[in-house]
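Single-letter residue listing:
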Amino acid sequence: MIVHFEVDHEPAFKKERARKCVLRRLCCMQSIWWLAGLIAILFLNGKPAYAHTPNSAQDANSWVQEYLLNPAAHPPFSFVYGRQASEPLLKAWPRTTASKQLGGGRTEHTIIWTDPRTRLRVHFSAVTNADSPVVEWNIHFANDGNVDTPILEEIQALDVSVPVIGQSPPTVIYSRGCGGMDTYALRKQPLNQLESLHLANQGGGKTVDTIPFFDIHMDGRGLIGAVGWPGTWSITFSRPTEGAIAVTAGMQKTHLVLHAGEEIRTPHVLLLPWSGDDIDAHNVLRRHVLKYYTPQYDGKPVILPVSHLGWGGMKTSTSLHLLDQITQEKIGFETFWMDAGWYGADREVEEFQVFGREDWFLHAGNWRVNAVAHPDGLKPIGDAVHAKGMKFLLWFEPERAVVGTPLTLSHPEWFIGEEGTNFEGNDARPFVKFRLFDFGNPAALRYMIDSMSDLITSQGIDIYRQDCNFALAPFWAQNDSKDRQGITEIRYVEGLLEFWDELRERHPQLILDVVQRGDLETISRAVDLSRADYPVSPDADPIGNQVSTEGLAYWRPHYGTLLQIRPRDNYHFRSGFAPGLGFALFNVAGTKDQIGRFIPPDFPFDWLRVQVEQLKQIRPYYYGDYYPLSPCSQNTNCTTPWNDEPSAAFEWAAWQFNRPEEGDGMIQAFRRDKSNDQAKELRLRGLDPKATYKVSDLDGKITTTISGADLMQKGLQVNIADAPGATILIYKKI
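Residues numbered from 1 in each chain as written. Predicted model: local features only at pLDDT ≥ 70, side-chain atom pairs only at ≥ 80, totals over all residues. Heavy atoms only, no water.

A. Examining the sheet that holds strand β26 (residues 415-422) more closely. Taken together, the three strands give an open sheet; going across it, the order is β25-β27-β26, and neighbouring strands pair in antiparallel fashion. Looking at the sheet topology across the chains shown, the edges are occupied by β25 (400-402) and β26. Here the average twist between neighbouring strands, direction ignored, is 35 degrees. Of the strand pairs in this sheet, β26 and strand β27 (residues 431-437) are connected by six bridges, and their pairing is antiparallel. Counted as the bridge partner of I416 is L436 from β27. (Pairing = 2+ DSSP bridges. Helix = DSSP H or I, 4+ residues; strand = E, 2+ residues; numbered from the N terminus. Axes fitted to C-alpha atoms, helices over the stretch in contact; angles between N-to-C directions.)

So, in structure tokens, the structure goes:
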């Protein structure tokens, strides 16, 4: 069924009166036809997004022919060129189209428009899938002429208008970013007429405030979207009329000319329209992310390790002694993690990260091994790690360099801007000036690729960890001229992606660990072994890790987390269960009183061995379909500030990961410390109602058989006697 929408295609346009605002509204309203067609074919006919019917390929092809390759269709993006909106320009410019099969049921559709006067070429490349309604695209702009183009500005890689369906106000679902106790907590924002919501990564580095994923809910139908851009991405939702939501996404600022022969790209966009159950739709997204946006090794998605955390200042002798002890106890660590503090000038350093005394930030950019802590470099540690069957992880922050470090003196042209700050904003800490390494400079990029590749080889690095502890956007902005705003960021992002790609090409088994960026382009290349910093604090509330899993699993299947060890505390440790987990057997970070000198002699190794074994047993399930079973109720604040008592403490948290192809899965359930409920009925999802399942808990207290129909309709009664307490149950079709 095709649904027709009445849309005003010719709003008033006056050049000197609110020009930009009117242009944006014009582009948004015109692009409603493109999304209306996609919605009409893919979910207004009642087909759920997760139903892979035989007609899926036919539906996708119909949409492509009608709403993408049709010359009368309006593109799902916009820009302003020479003070004119893109829609009438593209309608007048000559265009060519092409399609090709990519394999695996994917098809790439290309449209190229060329301005006959200035020779600006707009290259739009979209990919559709035969087995799902996911559509994704990239856009390139190139100057094929001999002189500078007019100003190209307000580039929106996504610019569509979503028709409002149903009686209830539409709601935008999104997740918090990586800062605070409520990391990745789901947020729900109703969008009434004349209201708007803006999501952005203002700093251009870590996604502190929110991640670039969203879902628009409308009475059993919706639109999931995501952006790929490790820079200043921006997503805006507005409802200028009762009947439509305007959605735009792109960089925060573009206003530039293109020089002769110059080409730029935009952020990557993914859309997934759905109908039926929103969780089923999100599992379509998770499966797509697992297949196309998860690093692959030997044809399989990356396995995130169980890692032992270590501070880079920890001396070689200390590290080797620690390695002997953790392997002698057969705990099951798979990676030895050496964080910041191993580099810089030769000097005595703290062996642990003592808050208020660490000096790692004073030496960023000087990526030579501190010979006082490590007289023979890090190779002895790497060799010992490999001899014990583990991987060696090493921390870097290549995007920042302190002024005065060798490279800033020998090649100042490879850096952008200069900022000064007291570490952590504390006036009692040293004042330091630093610069941004310019990944957009070809010579600088080549040096960084070569030097990091040499370190990876010489030091025996298996996991290259890239952190970013400052805002990049101010450096990019101060490097732009008035007629080239955005070009520094574009070139930087292009170089950064090339840097990661070439490291993987030179070292095919190297795992990239990029910290807390979270966009599609980054997660397709790298894992994130520490989705947030909050859990590493010795006094972190376990609810923080629970909320992170509950929210982040809604969007993607691979992520790691950290925790500080609390011996014999199953609730705390299981709260940190995730596809990847890093921890130490003593506090490697904290205040002077919290730092542990070494492993306590009475450490309960038997207890820890069981915990690690259980995590490895359930780890494969995290890549299955995800179902939240007992999320925070509407009247409970699950995202309070870290220093307030969370009302979530009165709740349970529970979720299910299900692998229908294998006929198995798991349930994680947490009774928080103030909950009076000793039992919950949890209705499972995604099972075979005609099958029988064996259900057992990891502690060996329960084993039972229940039909799939009963598990889904009546529910599974889960009992947790202690508050707080945690249980993990696994099930298998028999």
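From this point, the discussion proceeds with the structure in view.
B. View of the environment of N422. Within the secondary structure, N422 sits in strand β26. In this structure the C-alpha to C-alpha distance between N422 and V432, which are 10 residues apart in sequence, comes to 6.3 Å.

C. Here's a closer look at the confidence of the model for the protein chain. Counting all residues, the mean pLDDT for the protein chain is 88, and 87% of those residues have values of 70 or more. Overall, residues 40-57 carries pLDDT values under 50, and its contacts beyond four positions in sequence, including any with other chains, amount to 49 contacts. (pLDDT = per-residue confidence, 0-100. Contact = heavy atoms within 4.5 Å.)

D. Spotlight on the sheet that holds strand β15 (residues 244-251). Here four strands make up an open sheet; going across it, the order is β8-β15-β14-β11 and the pairing antiparallel. Every interior strand has two partners, whereas the edge strands, β8 (158-163) and β11 (196-200), have only one. Neighbour to neighbour, the strand axes of the sheet diverge by 15 degrees on average, direction disregarded. Sheet analysis places β8 next to β15, joined by six bridges and oriented antiparallel. Bridged to V162 within β15 is I245.

E. Focus on the environment of W113. Mapped onto the fold, W113 is located in strand β4 (residues 106-114). Taking the C-alpha atoms as reference points, W113 and L89, 24 residues apart in sequence, are found 9.4 Å from one another. Look past the residues within four positions of W113 in its chain and what remains in contact with it is P75, F77, L90, W93, P94, R95, L120, R121, V122 and F124.

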